[in-house]
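Observations on the model geometry
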Amino acid sequence: MNRGRITRKSTKKLHRTSASPMREVWQHIRASKTALFGIGIILLFGFCALIHPLLMHTVWHPRLYDPVTGYDSFSSWYALGIYDAVHPAPPSWYWTPQFLSSWRTGQISLGECLAHIARHPLGTDPIGRDILSQLMYSTRAEFILGLLTAIITVSIGTIVGTAAAYYAGWVDTFFMRLADLLMLFPGIPFLIVLSAMMDLNLVNLAIVLGILSGFGSITIIIKAQALAVKSHAYVEAARLAGGSRLWVVRKHLIPHVLPLSFLYMLFTVTAAIGTEATLSFFGLLNVGCSWGLMIHTMSASGYLASSIRYWWLWLPAGLAITLFCAAFYLIGRSLEQVVHSQRQEG
Amino acid sequence: MLRYLGHRLLQILVLLFVFITLTYFILQAMPGDFTSIYASNPQMTPEMIANLQARFGLNESVWVQYVRFLRNIVTGDLGVSFSEYPRPVWDIIKERLPRTFVLFFSANIISFYIGFWLGKWSAWYKGRAADKVLVTGSISLITAFYPLVAFMALWVFSYHLGWLPLNNFVDPILWSNAPLSSMQVFGYIIYAAVVTTALLILVSLLLRKKGVAGAKSRWIPPIVLGLALLSAVALFQRSGLLIYVFDILYHLLLPLFVLTFIRIGSSLLLTRDAVLAVTQEDYVLAARARGLAPAVIRNRYLARNAIHPVVTSLALSLGESFSGGVVTETLFSWPGIGLTLLRASLGGDYPLAVGAFIITGIFLLLGHVAADIATACLDPRLRDSIGR
């Protein structure tokens, strides 16, 4: 800070940090190792989701690699003397010695040999679909579900919470009682009963989850924060200076509850993905492919008892769920402290 | 305090009413009624379906049906299950509720006890290696995909090692010529556990009131516990039920262990955060400045003041365990409320599914009341601020 001399740069920096609480949150993310680790995992999954359609259009033939309808008959391997490839097939690099010897005898070229080794890097499932393709394809669905739920939840929570804090009166009473009720609502049993009576797909699920959590606990938390902001003198000053109610809510209340909303958005993603995985694990959702469904396929086809031998049927999907949930949870947890310290400052 | 609790109780009753209403109208909003199952059945003529609808009052207006629904719930009539046909829903729920309750109650109590203890130490040694290990471990427990963890436990302990039973509530071969039904024996186990717990609480209250201090009084509760357990075993042995009691407990062990283990994570982190928040308080600084022993600061000043959010969360999760129990009960084939709900939903047994769902909701509300009572008992300061 140049020994306290106020340079142009430093005033700019000061101004910036005090202007937007969200910017402070971002700075904290950049400084925290756990948060960066979480972001790294999310980027990795994002990369998977993006590259899957590309692969499907270039190197992966849809008939073999489609995550829902694909099937590999392994007929091209018979010529190489590999007859023991049956579904669920282990990762194709299990047969690397055979491929290499075929290459040495000149039966196949080096490129073909490598292509055979990388044919099913994570094996196939009991009905002959490629696990890696399913894994990557599901990532997109999980992103859509998680983000959609989080956006619905947080928009409802932020708007209702700030409105309840600012307008008080019957608006406040009504939404707080509603939040009480929804906080107690048994979510997973409700979704199970619902799935028995209607077709639950990802969008439906995201809307139901978003409404249940958006009008629930998040409203209460955000209202408390908005009330703290409202009690500050500058809010009153803005009103006295002739700012309309909407202006005050938009310019003063919402920016200051935004970090808190963002924090709960992260936790909502974790919860939504967990719920989706649990429901599709029981086979209750109408989704083409998801991580929970992959494990469901395994248990429904009777591979549970020999799960260590058929590790590729559950380990990649289980790890993906855990890592994806952990990524959002880690960012959220590392942000919790900075947001709560902001909360105390108001 | 009584007035506050009465006020809360009234609020909860209103919430219960709204909950049941909401459930009813969400279900009502679904297209068709249960007679639509027969829509594609060629043996059912339209007249027969209309007759069926008239018998169940489905052709009347929504409001008449709603009033009837409310009246039935208030009088405890939840209808008749489709899948176990002549059995009333309430009878099935009555049989399965204790199983869920015992499993989750004990798992919650044990996991919160361990989590609180570990969380206290984790906060005390903040930043050291042990703390980092504990925090990383509990974060992985929270984010791990629970069904998978349960599977692995099942595979390792039941299938690979063969130490514990694979699933189910009892061993059917053993029970084929048992003198009593499993429900009755289970009831006796619950009686024994309740009496033992009550005895323990009584003894420790008496000890505290008499002010018996020192190393001697420390040994009295464990001795009482041992005696109570021994007498329970002797009683069961005399009536020839011991082997059946052990069979139930043997089947309880694995789900209890997995559930406890997975729940330690969240209670540990909760306690750790609460203790760390208390550490900032002035009275802790004052206690340090007075030169009190570290153990006294940790146990009397930090842990005791941090217990509040932990107990609230425990009470809430006790209520929640009835709803979160679906996964555990399905994986371990533990025939409780959760499994009943899932099976009924999958099998189209709507009366049973709705009944189980409403019971779940009622228990969640009761958990909320318990959390309120615990809060008011533990911290009188909070009574006013809760009023909102």
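Here is what the cut-offs are and how they apply
For every chain, the first residue of the written sequence is number 1, and numbering continues from 1 onward in sequence order. Here the convention is simple: chains get letters from A, ligands get numbers from 1, in the order in which they are written. Thresholds applied to this predicted model are a pLDDT of at least 70 for local features of residues and 80 or more for the giving and counting of side-chain atom pairs; totals over whole chains, interfaces and linings are not thresholded and use all residues. Hydrogens are left out, water is left out, and the side-chain values use all remaining heavy atoms of the structure. Think of a 1 Å grid over the protein atoms and nothing else: a 1.4 Å probe that fits but is trapped marks a cavity, an open set flanked by protein within 12 Å on at least five of seven lines marks a pocket, and residues with an atom within 4 Å of a point count as lining. Grid points are joined across faces, edges and corners, and a volume is the space filled by probe spheres set on the points. Any residue outside Ala, Val, Leu, Ile, Met, Phe, Trp, Tyr, Cys, Pro, Asp, Glu, Lys and Arg is labelled polar, Gly included; the first ten of those are nonpolar and the last four are charged. Bear in mind that the domain bounds are from an automatic or database domain assignment. Buried area, as used here, totals the accessible surface that two parts lose on assembly, with accessibility defined by a 1.4 Å probe and the loss added over both. Throughout, an axis means a line fitted to C-alpha atoms (over the contacting stretch in the case of helices), and angles, computed between N-to-C directions, take values from 0 to 180 degrees. What counts as a helix is a DSSP run of H or I of at least four residues, what counts as a strand is a run of E of at least two, and both are numbered from the N terminus. Each angle is binned into one of four classes, with values under 35 degrees roughly parallel, values over 145 roughly antiparallel, values of 65 to 115 roughly perpendicular, and all other values oblique. The crossing is said to be left-handed when, going from far helix to near helix, the turn is anticlockwise and less than a right angle, and right-handed when the turn is clockwise. Any two residues having at least one pair of non-hydrogen atoms within 4.5 Å are treated as being in contact. Definition used for salt bridges: Asp or Glu carboxyl oxygen within 4 Å of a side-chain nitrogen of Lys or Arg. Residue types Ala, Val, Leu, Ile, Met, Phe, Trp, Tyr and Cys, when buried and joined through side-chain atoms within 4.5 Å, form a set referred to as a nonpolar core. Relative accessibility under 20% of the residue-type maximum defines a buried residue, over 50% an exposed one, and the middle range a partly exposed one, all with a 1.4 Å probe and only protein chains included. Like-charged residues within 9 Å of one another, or nonpolar side chains (Val, Leu, Ile, Met, Phe, Trp, Tyr) within 5 Å, are grouped into patches, provided each residue has over 30% relative accessible area and no salt bridge. Values of accessible area rely on a 1.4 Å probe in the Shrake-Rupley scheme; residue burial ignores everything except the protein chains shown. Aromatic rings from Phe, Tyr and Trp, with only the six-membered ring used for Trp, were paired whenever their centres fell within 6.5 Å, and each pair was classed as stacked if the ring planes differed by under 30 degrees, edge-to-face if by over 60, and tilted otherwise. Placement of a charge over a ring requires the Lys NZ or Arg CZ to be within 6 Å of the ring centre, with the centre-to-atom vector within 35 degrees of the ring normal. You can read pLDDT as the predictor saying how much it trusts each residue, on a scale of 0 to 100.

1. Considering empty space enclosed by the protein
All names here are of chain B.
- Counted by the stated rule, this structure contains 1 cavity of 30 Å³ or more.
- Computed from the structure, the largest cavity encloses a volume of approximately 40 Å³.
- For the largest cavity, the full set of lining residues is Pro 165, Leu 166, Asn 167, Asn 168, His 251, Pro 255 and Phe 332.
- When grouped by side-chain class, the residues that make up the lining of the largest cavity number 4 nonpolar, 3 polar and no charged.

2. Here's the deal with the domain arrangement of chain A
All names here are of chain A.
- Partitioning chain A into structural domains gives domain 1 (2-72 + 126-345) and domain 2 (73-119).
- Centre-to-centre, using C-alpha coordinates, domain 1 lies 42 Å away from domain 2.
- Buried area between domain 1 and domain 2, summed over both chains or domains, comes out near 910 Å², and the portion from carbon and sulfur atoms is 56%.
- On the domain 1 side of the interface with domain 2, the three residues burying the most area are Asp 72, Trp 311 and Trp 312, jointly 57% of the side's total.

3. Examining the packing of helix H13 (residues 233-240) of chain A against helix H14 (residues 245-281) of chain A
Residues and elements named next belong to chain A.
- Between H13 and H14, the least distance of the axes is 9 Å, while the angle of their chain directions is 160°. In this view, H13 runs roughly antiparallel relative to H14, as classed from their interaxial angle. For the pair H13 and H14, the crossing hand works out as right-handed. In this structure, H13 uses Tyr 234, Val 235, Ala 238 and Arg 239 to contact H14, whose residues at the interface are Arg 245, Val 248, His 252 and His 256.

4. Concerning the environment of A:Phe281
- Position of A:Phe281 among the secondary structure elements: in helix H14.
- When the C-alpha atoms of A:Phe281 and A:Met298 are compared, they prove to be 9.8 Å apart, with 17 residues separating the residues in sequence.

5. Topic: the pattern of salt bridges
- Within this structure, the stated rule accounts for 9 salt bridges over all chains.
- Within the structure, one salt-bridge network assembled from shared partners comprises B:Arg87, B:Asp91, B:Glu95, B:Arg96 and B:Arg99.

6. What to know about unusual backbone geometry
- A cis amide bond, omega -5°, links A:His87 with the succeeding residue A:Pro88.
- For A:Phe74, which is not glycine, the phi dihedral falls at a positive 60°.
- In this fold, A:Phe74 is placed in the loop between helix H4 (62-65) and helix H5 (75-78).
- Here the phi dihedral of B:Ser333 falls at roughly 50°; this positive angle occurs in a residue that is not glycine.
- One can find B:Ser333 in the loop between helix H13 (294-331) and helix H14 (337-346).

7. As for the nonpolar core
- One finds A:Leu191, A:Trp291, A:Ile295, A:Leu335, B:Ile20, B:Ile248 and B:Phe332 to be the most contacted residues of the largest nonpolar core, which totals 151 residues.
- Tallying contributions element by element places helix H16 (residues 315-345) of chain A first for this core, with 13 residues.
- When near neighbours in sequence (up to four residues on either side) are disregarded, A:Leu335 contacts A:Val25, A:His28, A:Ile29, A:Phe262, A:Leu263 and A:Leu266.
- If you look at the next biggest cluster of nonpolar residues, it comprises 11 residues, including A:Phe74, A:Leu80, A:Trp95 and A:Ile108.

8. Notes on a nonpolar patch on the surface
- Together, B:Phe101, B:Phe105, B:Ile109, B:Ile110, B:Tyr113 and B:Ile114 give the surface a local cluster of nonpolar side chains, amounting to about 550 Å² of exposed area.
- On the basis of relative accessibility, which here comes to 36%, the residue B:Ile109 falls in the partly exposed class.

9. Digging into the interface of chain B and chain A
- Contacts between the two partners involve 41 residues from chain B and, on the opposite side, 37 residues from chain A.
- Each partner contributes to the roughly 3,800 Å² buried at the junction of chain B and chain A, and carbon and sulfur atoms together form 81% of this total.
- Across the chain B-chain A interface, the total number found is 1 salt bridge.
- Residue A:Arg333 is joined to B:Asp273 by a salt bridge in which the shortest nitrogen-to-oxygen separation is 3.4 Å.

10. Overview of the packing of aromatic side chains
- Counted by the stated rule, this structure contains 37 aromatic pairs over all chains.
- The interplanar angle of 65° and the centroid separation of 5.2 Å between the aromatic rings of A:Trp77 and A:Trp95 together place this pair among those described as edge-to-face. One end of the pair, A:Trp77, is in helix H5; the other, A:Trp95, is in the loop between H5 and helix H6 (96-104), with 18 residues separating them in the sequence.
- Overall, the relative accessible area of 0% leaves A:Trp77 in the buried class.
- Look at A:Trp95 and you get buried, because its relative accessible area is 5%.
- Relative to B:Phe357, the ring of B:Phe19 lies with its centre 5.6 Å away and its plane at 40°, an arrangement referred to as tilted. One end of the pair, B:Phe19, is in helix H1 (residues 2-29); the other, B:Phe357, is in helix H15 (residues 350-378), and 338 residues separate them in sequence.
- Accessibility expressed as a relative area gives 3% for B:Phe19, which makes it buried.
- Among the aromatic residues, those joined into a cluster by ring pairs are A:Phe45, A:Phe143, A:Trp291, A:Phe324 and A:Phe328.
- Directly above the ring of B:Trp124 sits B:Arg298, whose terminal nitrogen or CZ lies 5.2 Å from the centroid.

11. Some remarks on the confidence of the model for chain B
- The share of residues in chain B with pLDDT of 70 or more is 91%, and the mean pLDDT across the chain is 80.
- In the predicted assembly, ipTM is 0.75 and pTM is 0.80.

12. Here's the deal with the confidence of the model for chain A
Residues and elements named next belong to chain A.
- Overall, the prediction assigns chain A a mean pLDDT of 83, with 92% of residues at 70 or greater.
- Here helix H1 (residues 8-19) stands out as the least confident element of chain A, with mean pLDDT 45; helix H3 (residues 33-57) is the most confident, with 91.
- Predicted confidence for residues 1-18 stays below pLDDT 50, and this span has 8 contacts to residues more than four positions away or in other chains.

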